[in-house]
Structure formats: structure tokens, C-alpha cells
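Summary of the model geometry
If you want the building blocks of each chain, they are given just below.
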Amino acid sequence: MPTLGEFIAHARKYGFKRRVLVLDRGPRGSSRIVYLWRDAEHFAELPDVRYRDRLTRDTVATLCRRLGILGEDFGLTT
């Protein structure tokens, strides 16, 4: 399975961009949501791991399904 950084790099080939939403209000202060976005129908929050951390098979399958990326690109079969 790819690292988070490898997955993001591959998603860019599909036209996705990494975005960060910072929420300043909350009971615990500010928080960040990091996600991949292409349009209103194709976006998904990324797991809170380092770029060099390897993703699990389930995480890759879920991201591919939500984003419309072919799972076969990562050796996943349906």
C-alpha cells in the first residue's frame, strides 16, 4: 500500500488538490481538516497521519471509492 504522500501524488494525476480547512472556533481551540478536493462531488478527508506513513488497505479502498480513483492503481480488486 502507498504512503499518504504517494497517495496524494497519485491523486494529483486525477486532478485532485490537497486543501486545508482551519476551524478557529471550538471547545478545544482551533482544529484542521485536511482533504483532497476536485469538485463538489469528489472530495474526501485524509487520515491524520504523516506523509511517510503507509496507509492501510481499507483506508486506500475507502479513499479510492470516495474520490472515484481506480483501486486497481494500487493493486486493489473489486
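All right, on to the nonpolar core then. Residues F7, L36, L46, V60, L63, L67 and I69 are the most contacted members of the largest nonpolar core, which totals 17 residues. Elements that contribute at least two residues to this core include exactly helix 1 (4–12), strand 2 (31–39) and helix 2 (57–67). Those residues in contact with L63, other than ones at most four positions away along the chain, are F7, A44, E45, L46, P47 and L55.

Considering every residue of the protein chain, the mean pLDDT works out to 93; 97% of them sit at 70 or more. By mean pLDDT, strand 1 (residues 17–23) is the weakest element of the protein chain at 93, and helix 1 is the strongest at 97.

Turning our eyes to something else, we now look at the environment of S31. Within the fold, S31 resides in strand 2. Put simply, S31 and L21 are 10 residues apart on the chain and 8.4 Å apart in space, counted from C-alpha to C-alpha. Each residue touching S31, except ones within four places of it in the same chain, is listed here: L21, V22 and L23.

So, how was this worked out
Residues numbered from 1 in each chain as written. Predicted model: local features only at pLDDT ≥ 70, side-chain atom pairs only at ≥ 80, totals over all residues. Heavy atoms only, no water. Core = buried A, V, L, I, M, F, W, Y, C linked by side-chain atoms within 4.5 Å. Buried < 20%, exposed > 50% of the residue type's maximum accessible area, 1.4 Å probe, protein only. Helix = DSSP H or I, 4+ residues; strand = E, 2+ residues; numbered from the N terminus. Contact = heavy atoms within 4.5 Å. pLDDT = per-residue confidence, 0-100.

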